Amino acid sequence: MAYGTIKSDALVYDNSGTDVTISLSSIPTAAQVAAKGDASLDAAQTFTKGQRGEVTTLTSAATITINFDDSNNFTLTTGHAQIQFANPTTEVAGQSGSIFIVQGSTTCAAPTWGNQWYFAGGTAPSLTGTTGKCARIDYIVQEAGKIHAVATDDLTYTS
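Remember, it's a predicted structure, so these values are computed and weren't measured experimentally.

## A word on the sheet that holds strand β4 (residues 63-64)
Part 1 of the reasoning: Strands sit in the order β4-β6-β8 across an open sheet of three strands; the sheet is parallel. Only two strands of the sheet have a single neighbouring strand rather than two, namely β4 and β8 (112-113).
Part 2 of the reasoning: The sheet contact formed by strand β6 (residues 84-85) and β8 spans two bridges and is parallel. The partner of Phe85 across the bridge, within β8, is Trp113.

Shown next as structure tokens:
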């Protein structure tokens, strides 16, 4: 096996029969990337444009275990009269988001929640049982096993 360096001004690669040339002078150095201020996982940042997380659709079931690795925001259209939100195993301290519960043709006005979900007063609120209405559960994970949650119910959409 040979070791050494290659000196070149450009790279050429075959793109399904068409050669593509990349000028190496156009590739930024690590210092140029850092100076530009692109997003970094190990530094405090101020974003000057809107940032958004996707809203992941949950499938209605008698028991739903949310995978917090999938997203921060979730939406569920109810299809079961009784739904239990089980305790997740993927929550991490500091994660926060919302769960939109839209009452489908089969409504669920009183979903139950695992013992890691903490609502004010110690009891999860009942939700509207009207088809088409929406409840929003906002949450933040204090630490694994402790998810603080607040419900806003009976949201009506008008056009």
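## Regarding the nonpolar core
In summary, soluble globular proteins display a tendency toward joint burial of nonpolar side chains.
Part 1 of the reasoning: Of all hydrophobic cores here, the largest spans 21 residues; its most connected members are Ile66, Phe85, Ile99, Trp113, Trp117 and Tyr139.
Part 2 of the reasoning: Secondary-structure elements contributing two or more residues to this core are β5 (73-77), β7 (96-102), β9 (117-119), β10 (134-143) and β11 (146-155).
Part 3 of the reasoning: Tallying contributions element by element places β10 first for this core, with four residues.
Part 4 of the reasoning: Among all residues touching Phe85, those that are not within four sequence positions of it are Ile64, Ile66, Leu76, Ile101, Pro111, Thr112, Trp113, Gly114 and Trp117.

Parameters and conventions
- Residues numbered from 1 in each chain as written.
- Predicted model: local features only at pLDDT ≥ 70, side-chain atom pairs only at ≥ 80, totals over all residues.
- Heavy atoms only, no water.
- Pairing = 2+ DSSP bridges.
- Helix = DSSP H or I, 4+ residues; strand = E, 2+ residues; numbered from the N terminus.
- Core = buried A, V, L, I, M, F, W, Y, C linked by side-chain atoms within 4.5 Å.
- Buried < 20%, exposed > 50% of the residue type's maximum accessible area, 1.4 Å probe, protein only.
- Contact = heavy atoms within 4.5 Å.

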